[in-house]
Amino acid sequence: MTEANELEEKLDKAKLPCHIAIIMDGNGRWARKRRLPRVAGHRAGVKSVREIVRACGEIGIKVLTLYAFSVENWKRPRREVDTLMRLLREFLRREIPNLNKNRVRLMAIGRLKELPGKVQETLEKAIKSTEKNDGLILNLAINYGGRSEIVDAVKGLAKDVEKGICKLEEINEEIFEKYLYTSHLPDPDLLIRTSGEHRVSNFLLWQVSYSEIWVTPVYWPDFRRRHLLEALLDYQRRERRFGGI
Ligand code: FPP
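Just so it is clear, the model here is predicted, and its values are computed rather than measured.

Caption draft 1: Summary view of the overall build of the protein. When its secondary structure is counted, the protein shows eight helices and six strands. For the protein, the succession of helices and strands along the chain, N to C, is α-β-α-α-β-α-β-α-β-α-α-β-β-α. At 18 Å, the protein has a C-alpha radius of gyration in line with the 18 Å of a compact globule built from 245 residues. For the protein, with 245 residues in total, the buried portion stands at 49%. Taking all contacts inside the protein whose residues are at least 6 apart in sequence as the whole, residues at least 24 apart take part in 77%. For the protein, the accessible area works out to roughly 13300 Å², and carbon and sulfur atoms hold 50% of it. Of the side chains in the protein, 46 bear a positive and 35 a negative charge, and the two mean positions are spaced by 7 Å.

Here you go:
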């Protein structure tokens, strides 16, 4: 029996997190350790994406949000940004048959209109082609920033107040959430960060208010199904109180 199988047997299927969000960190360090260019780390990271999407679907997770590209990532060298965009497009193009076979529905959050035209096109196609799937929702955060999301939500809400669609006095958390990119999704129950950093890095700032956080020193390109299972087992040992007692 493999290590992953042994871990999976211990899992309580009735206590699974509904939504897992992952900060896929450490691609650059993974590559440096092997004296490879940083982009080799990102390429290797795509393999982990495939394995984890598949694992989440099989285990019965409802939503998986992956931090694929942040609004801050444009500051990286041109070559690296270009490679990340290319890898995203390749993934979206090549994975469609697989996603459909495994009933995975693709969604995306972020300032998507600012992405290169070709990426937008491929993304729209992938979203459209998987929209009827009823399995795992794979939600990619691309050109995403938690603060920009909140600013965008405030602008949307302010517009509706101006138009009289919403009254200022009526605004509460429930209404505000409807203006976030994630209005159609539950908040993450579990936030995983790879490569050992204990930071939220502008990811889903509003939504992670009550998420359980699990950090592993493993670099993203080395992250496998057994690491996901470790995270899930740790999550199941925790008691969530949402501010109560
Ligand atoms: C962080 O590692 C990772 C990223 C900025 C990009 C993540 C992208 C992928 C895994 C590939 C494309 C994604 C999909 C969904 C197909 P880092 O470069 O910051 O690592 P470092 O901190 O070690 O330098």
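Having seen the structure, we can now continue with the description.
Caption draft 2: Local environment of the sheet that holds strand β5 (residues 190-193). Taken in spatial order, the six strands line up as β3-β4-β2-β1-β5-β6 in an open sheet, and their pairing is parallel. Each edge of the open sheet carries a strand with a single partner, namely β3 (105-109) and β6 (212-215). Neighbouring strand axes in the sheet, compared pairwise and without regard to direction, differ in orientation by 20 degrees on average. Of the strand pairs in this sheet, strand β2 (residues 63-70) and strand β4 (residues 137-144) are connected by seven bridges, and their pairing is parallel. Across the sheet, leucine 64 pairs through a bridge with leucine 138, a residue of β4.

Caption draft 3: Seen up close, the packing of aromatic side chains. According to the stated counting rule, one finds eight aromatic pairs in the structure shown. Ring centres of tyrosine 144 and phenylalanine 203 lie 6.0 Å apart, and the angle between their planes is 90 degrees; this geometry places the pair in the edge-to-face category. Within this pair, whereas tyrosine 144 is found in strand β4, its partner phenylalanine 203 is found in the loop between β5 and β6, the two being separated by 59 residues in sequence. Put simply, the rings of Tyr67, Tyr144, Tyr181 and Phe203 pair up and form one aromatic cluster.

Caption draft 4: Focus on the site of the ligand. Every one of the 16 residues lining the ligand counts as a neighbour, but Met24, Gly28, Arg29, Arg38 and Arg76 are closest to it. One of the side-chain N or O atoms of aspartate 25 is found 3.1 Å from an oxygen atom in the ligand. At 2.8 Å from an oxygen atom of the ligand is found a side-chain nitrogen or oxygen belonging to arginine 38. Burial of the ligand by the protein chains amounts to 92% of its free accessible area of 630 Å².

Caption draft 5: Layout of the pairing of β3. The element β3 is largely enclosed, with a buried count of four among its five residues. Bridge analysis of β3 against β4 gives five bridges, and the strand direction is parallel. Each bridged residue has a counterpart across the sheet, and for alanine 108 the counterpart in β4 is leucine 140.

Caption draft 6: Fine view of the environment of aspartate 234. Within the secondary structure, aspartate 234 sits in helix α8 (residues 225-237). In this structure the C-alpha to C-alpha distance between aspartate 234 and threonine 65, which are 169 residues apart in sequence, comes to 19 Å. Of note is the side chain of aspartate 234, whose polar atom sits 2.6 Å from the side chain of arginine 238.

Caption draft 7: Representation of the nonpolar core. Ile20, Leu64 and Leu228 are the most contacted members of the largest nonpolar core, which totals 50 residues. The element that contributes the greatest number of residues to this core is helix α4 (residues 78-101), accounting for nine residues. If we ignore the near neighbours within four places in the chain, the residues touching leucine 228 are Ile20, Ile52, Ala55, Cys56, Ile59, Ile192 and Phe223. Grouped together as the second largest cluster of nonpolar side chains are eleven residues, Ala21, Tyr67, Tyr181 and Val208 included.

Caption draft 8: Region of the structure containing a positive patch on the surface. Together, Arg93, Arg94, Lys118 and Lys125 make up a region of like positive charge exposed at the surface. Only α4 and α5 (117-130) provide two or more residues apiece to the positive patch. With respect to the helices and strands, the residue arginine 94 is situated in helix α4.

Caption draft 9: Here's a closer look at the environment of isoleucine 150. Tracing the sequence through the fold places isoleucine 150 in helix α6 (residues 146-162). Distance in space between the C-alpha atoms of isoleucine 150 and tyrosine 181 is 9.0 Å, their sequence separation being 31 residues. Sequence-distant contacts of isoleucine 150, defined by excluding residues within four places in its chain, comprise Phe176, Leu180, Leu205 and Trp206.

The rules behind each value
Residue positions are given per chain, counting from 1 as you read along its sequence in written order. In keeping with the model being predicted, local features are shown solely for residues with a pLDDT of at least 70 and side-chain atom pairs are shown and tallied solely at 80 or more, while totals for entire chains, interfaces and linings include all residues. Each side-chain value is derived from all of the structure's non-hydrogen atoms; neither hydrogens nor water enter the calculation. Secondary structure follows DSSP: runs of H or I at least 4 residues long count as helices, runs of E at least 2 residues long count as strands, and numbering of each begins at the N terminus. This radius of gyration counts C-alpha atoms alone. The globule rule is 2.2 Å times how many residues there are, raised to the power 0.38. Only protein chains enter the accessibility calculation, which uses a 1.4 Å probe. A residue is then buried if its area is under 20% of the maximum for its type, exposed if over 50%, and partly exposed in between. Residue contacts follow a heavy-atom distance rule, with two residues in contact if any of their heavy atoms lie within 4.5 Å. Here the open area of atoms and residues is found with the Shrake-Rupley method and a 1.4 Å probe, where only the protein chains shown may cover a residue. His is not counted, nor are the chain ends; Lys and Arg add positive charge and Asp and Glu add negative charge. Charge positions come from single atoms, namely NZ of Lys, CZ of Arg, CG of Asp or CD of Glu. A pair of strands is treated as paired once DSSP finds two or more bridges between them. Here the axes come from fitting lines to C-alpha atoms, over the contacting stretch only for helices, and the angles between their N-to-C directions go from 0 to 180 degrees. Planes of paired rings set the category: under 30 degrees apart is stacked, over 60 is edge-to-face and the rest tilted, where pairs are Phe, Tyr or Trp rings (Trp by its six-membered ring) whose centres lie within 6.5 Å. Any residue with at least one heavy atom within 4 Å of a molecule or strand is counted as near it. Pairing of N or O atoms within 3.5 Å defines a polar contact, subject to two protein rules: one partner must be a possible hydrogen donor and the other a possible acceptor, and residues neighboring in sequence count only if both atoms are side-chain atoms. Joining through side-chain atoms within 4.5 Å is the link that ties buried Ala, Val, Leu, Ile, Met, Phe, Trp, Tyr and Cys residues into a set, and such a set is a nonpolar core. Within this analysis, patches are made of residues with over 30% relative accessible area and no salt bridge. Like charges are joined at 9 Å or less; nonpolar side chains (Val, Leu, Ile, Met, Phe, Trp, Tyr) at 5 Å or less. One speaks of a salt bridge when a side-chain nitrogen belonging to Lys or Arg is within 4 Å of a carboxyl oxygen belonging to Asp or Glu.

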